Amino acid sequence: MIAIEKNKSIKKYTTFGVPVLTKYFAQFSDLEELKSVLSDKKLMKEELLILGGGSNLLFTKNFEGLVLKNNIKGISIEEENDSEVLIRSGAGENWHDFVMYCVDNDFAGVENLSLIPGNVGASPMQNIGAYGVEIKDVFHSLEAIEIKTGKLRIFNKEECNFGYRESVFKNSQKNEFIITSVVFKLYKTPTFNVSYGAIGSELKKMKVENITIKAISDAVINIRQRKLPDPKKIGNAGSFFKNPVISAEQFEDLKLRFPQMSYYKLPSGEMKIAAGWLIDYLGWKGTRKGDYGVHKNQALVLVNYGESEGKDIYDLSSLIMKSVLKNFQITLEREVNIF
Ligand code: EPU
């Protein structure tokens, strides 16, 4: 039987690092340990939260339930031929370590996603993405345990219904499955994705002549280290908000008022606006109140410099949302999960 701890501080298991106690806490390293917890009927009456790398959540109060930390490890090759490879990773592997394994072995596909905080198991939950690539581009399938029955289920790509920072695991199947491993389809003959402007200019700056998987990964690491705070040094959860999508009509109107606004056109004809630009324009970037504030290099990221409370950071996010709504008539959505 695995240990069930009571009234446990889980501050160190989250990248925001705000104080929080959970009523119950347990960790599992394989399917048997997970199934043994799930078969405990009394414990399963509690509200359940599965923790991976703790990099996309903010606690605004103590958690009155059971936090289960997923530590399932292991990376293995499932299948390969001359051009492709299927790699399975345990959900509890650190995402960046997994990316480094792929880069070191010359398996292409995830190098643009270098240095994203969090664990592999959380990557499909919100279809993580950066620099022109999303998980859905390299996703093959995943295994998950159904909480109610303890049964193993395989999800293929279609069944995950990926969208921008979205999947079934955040919507119709929310809180129903625990992802235990993910299979990615990577390439031995790389098709590089350098469409995102910043990567091209970084490669030039690095004086890279022949693009390699490693060079792209290094470029992404450089850009991220410049723009985004390292959660080991300054508490944060990456982008706090999603980039909002607005209609072409609303866009035309805003563009007249704010010609410098940063945006991307979507295939649907709708426009995705850079929330970082909106927040930055309103003067929030770099603002600080006590031990929390808006990061100085990327206005989408809220930070905890030391001892702030989750509630204060949440309240700051509400103020930012109000000011964006008032000035741009755009409703921002939080990307970070709030508890
Ligand atoms: N911008 C500003 N001020 C800022 C931030 C951004 O003017 O403070 C402008 C930039 O100049 C640029 C545009 O907004 O023209 C876009 O900025 P950036 O390239 O930094 O990307 P983003 O849209 O702000 C998204 C993801 C990031 C991801 C980057 C790179 C979301 C919510 N965020 O940010 O993901 O790393 O693109 O692909 O989609 C995360 O999800 O945690 C995350 C960090």
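Residues numbered from 1 in each chain as written. Predicted model: local features only at pLDDT ≥ 70, side-chain atom pairs only at ≥ 80, totals over all residues. Heavy atoms only, no water.

**Side note on the overall build of the chain**
Okay, step 1: Counting its secondary structure elements, the chain contains 8 helices and 20 strands.
Okay, step 2: Its C-alpha atoms give the chain a radius of gyration of 21 Å, near enough to 20 Å, the size a compact globule of 339 residues would have.
Okay, step 3: The dimensions of the chain, computed from C-alpha atoms along their principal axes, are 60 × 50 × 35 Å.
Okay, step 4: Within the chain, buried positions represent 48% of all 339 residues.
Okay, step 5: Put simply, 60% of the contacts in the chain that link residues at least 6 apart link residues at least 24 apart.
Okay, step 6: Just so you have it, the chain exposes about 16400 Å², and 49% of that area is on carbon and sulfur atoms.
Okay, step 7: The chain carries 45 positive and 42 negative side-chain charges, and their two centres are separated by 6 Å. (Helix = DSSP H or I, 4+ residues; strand = E, 2+ residues; numbered from the N terminus. Rg over C-alpha atoms; globule rule 2.2 N^0.38 Å. Buried < 20%, exposed > 50% of the residue type's maximum accessible area, 1.4 Å probe, protein only. Contact = heavy atoms within 4.5 Å. Areas by Shrake-Rupley, 256 points an atom, 1.4 Å probe, with all protein chains shown as cover. Lys, Arg positive; Asp, Glu negative; His and termini not counted. Charge placed at Lys NZ, Arg CZ, Asp CG, Glu CD.)

**Points about the domain arrangement of the chain**
Okay, step 1: When its domains are assigned, the chain resolves into domain 1 (5-70), domain 2 (75-187) and domain 3 (235-338).
Okay, step 2: Counting residues at the interface gives 4 residues for domain 2, matched by 4 residues for domain 3.
Okay, step 3: Both sides together, the interface formed by domain 2 and domain 3 hides about 480 Å², and carbon and sulfur atoms give 37% of it.
Okay, step 4: Considering only the side of domain 2, the residues that lose the most area to domain 3 are Y164, R165 and K170, jointly responsible for 76% of the buried surface there.
Okay, step 5: Counting across the interface, domain 2 meets domain 3 through 2 salt bridges. (Domains from an automatic or database assignment. Buried area = accessible area lost by both parts, 1.4 Å probe. Salt bridge = Lys/Arg side-chain N within 4 Å of Asp/Glu carboxyl O.)

**What to know about the sheet that holds strand β2 (residues 21-28)**
Note: strands within a sheet are paired through backbone hydrogen bonds, in either parallel or antiparallel orientation.
Okay, step 1: Sheet architecture is open: 4 strands sit in the order β1-β2-β5-β3, paired in mixed fashion. Strands with a single pairing partner mark the edges of an open sheet, and in this sheet they are β1 (5-9) and β3 (47-51). Within this sheet the neighbouring strands show an average axis-to-axis angle of 40°, counted without direction.
Okay, step 2: By the bridge criterion, 4 bridges tie β1 to β2 in an arrangement that is antiparallel. Directly across from K6, in β2, lies its bridge partner Y24. (Pairing = 2+ DSSP bridges. Axes fitted to C-alpha atoms, helices over the stretch in contact; angles between N-to-C directions.)

**Brief notes about the packing of helix α2 (residues 95-104) against helix α5 (residues 213-227)**
Okay, step 1: Interhelical geometry of α2 versus α5 gives an angle of 150° and a closest axis separation of 10 Å. Viewed along their axes, α2 and α5 adopt a mutual orientation that is roughly antiparallel. For the pair α2 and α5, contact is made by H96, M100 and V103 and by I213, K214, S217 and I221, respectively.
Okay, step 2: Split into classes, the residues belonging to the contact of α2 with α5 amount to 4 nonpolar, 2 polar and 1 charged. (Parallel < 35°, antiparallel > 145°, perpendicular 65-115°, else oblique. Nonpolar A, V, L, I, M, F, W, Y, C, P; charged D, E, K, R; others polar.)

**What about the packing of helix α4 (residues 197-205) against α5?**
Okay, step 1: At a closest axis distance of 9 Å, the pairing of α4 and α5 adopts a crossing angle of 105°. The angle between α4 and α5 falls in the class roughly perpendicular. Between α4, through A198, I199, E202, L203 and K205, and α5, the contact on the second element is made entirely by A215, I216, A219, V220, N222, I223 and R226.
Okay, step 2: Among the residues making up the contact of α4 with α5, the classes are represented as 8 nonpolar, 1 polar and 3 charged.

**Considerations on the site of the ligand**
Okay, step 1: Residues in close proximity to the ligand total 23 residues, the closest being Y131, Y164, Y196, S262 and D280.
Okay, step 2: At 2.6 Å, a backbone N or O of Y131 approaches an oxygen atom of the ligand.
Okay, step 3: Within the side chain of Y164, an N or O atom sits 2.7 Å from an oxygen atom of the ligand.
Okay, step 4: Relative to its free-state accessible area of 810 Å², the ligand is covered by the protein chains to the extent of 82%.
Okay, step 5: Of all the elements in the fold, those that place two or more residues in the shell around the ligand are α5, β13 (235-239) and α7 (275-281).
Okay, step 6: Grouping the constituent residues of the shell around the ligand by class yields 10 nonpolar, 6 polar and 7 charged. (Near = heavy atom within 4 Å. Polar contact = N/O pair within 3.5 Å; in protein donor to acceptor, adjacent residues only side chain to side chain.)

**Some points on the sheet that holds strand β12 (residues 177-187)**
Okay, step 1: An order of β6-β7-β12-β10-β11 is seen for the 5 strands of this open sheet, with the pairing classed as antiparallel. Two strands in the sheet have a free side with no partner beyond their single neighbour: β6 (75-80) and β11 (152-156). Going across the sheet, the axis of each strand differs from the next one's by a mean of 25°, ignoring polarity.
Okay, step 2: On the sheet, helix α1 (residues 31-38) packs against β10 (139-146), β11 and β12 and is oriented at approximately 40° with respect to β10.
Okay, step 3: Where α2 meets the sheet, it contacts β6, β7 (84-90) and β12, and its direction lies at approximately 155° from that of β7.

**As for the layout of surface pockets**
One water molecule sets the probe size; rolling that probe over the atoms shows where empty space is left.
Okay, step 1: In this structure, the second largest pocket occupies an estimated 190 Å³ of space.
Okay, step 2: What lines the second largest pocket is simply Y164, E166, K242, N243, P244, V245, T331, L332 and E333.
Okay, step 3: Here the lining of the second largest pocket is composed, by residue class, of 4 nonpolar, 2 polar and 3 charged. (1 Å grid on protein atoms, 1.4 Å probe; cavity = no way out; pocket = protein on both sides within 12 Å on 5 of 7 lines; lining within 4 Å. Points joined across faces, edges and corners; volume = space filled by probe spheres on them.)

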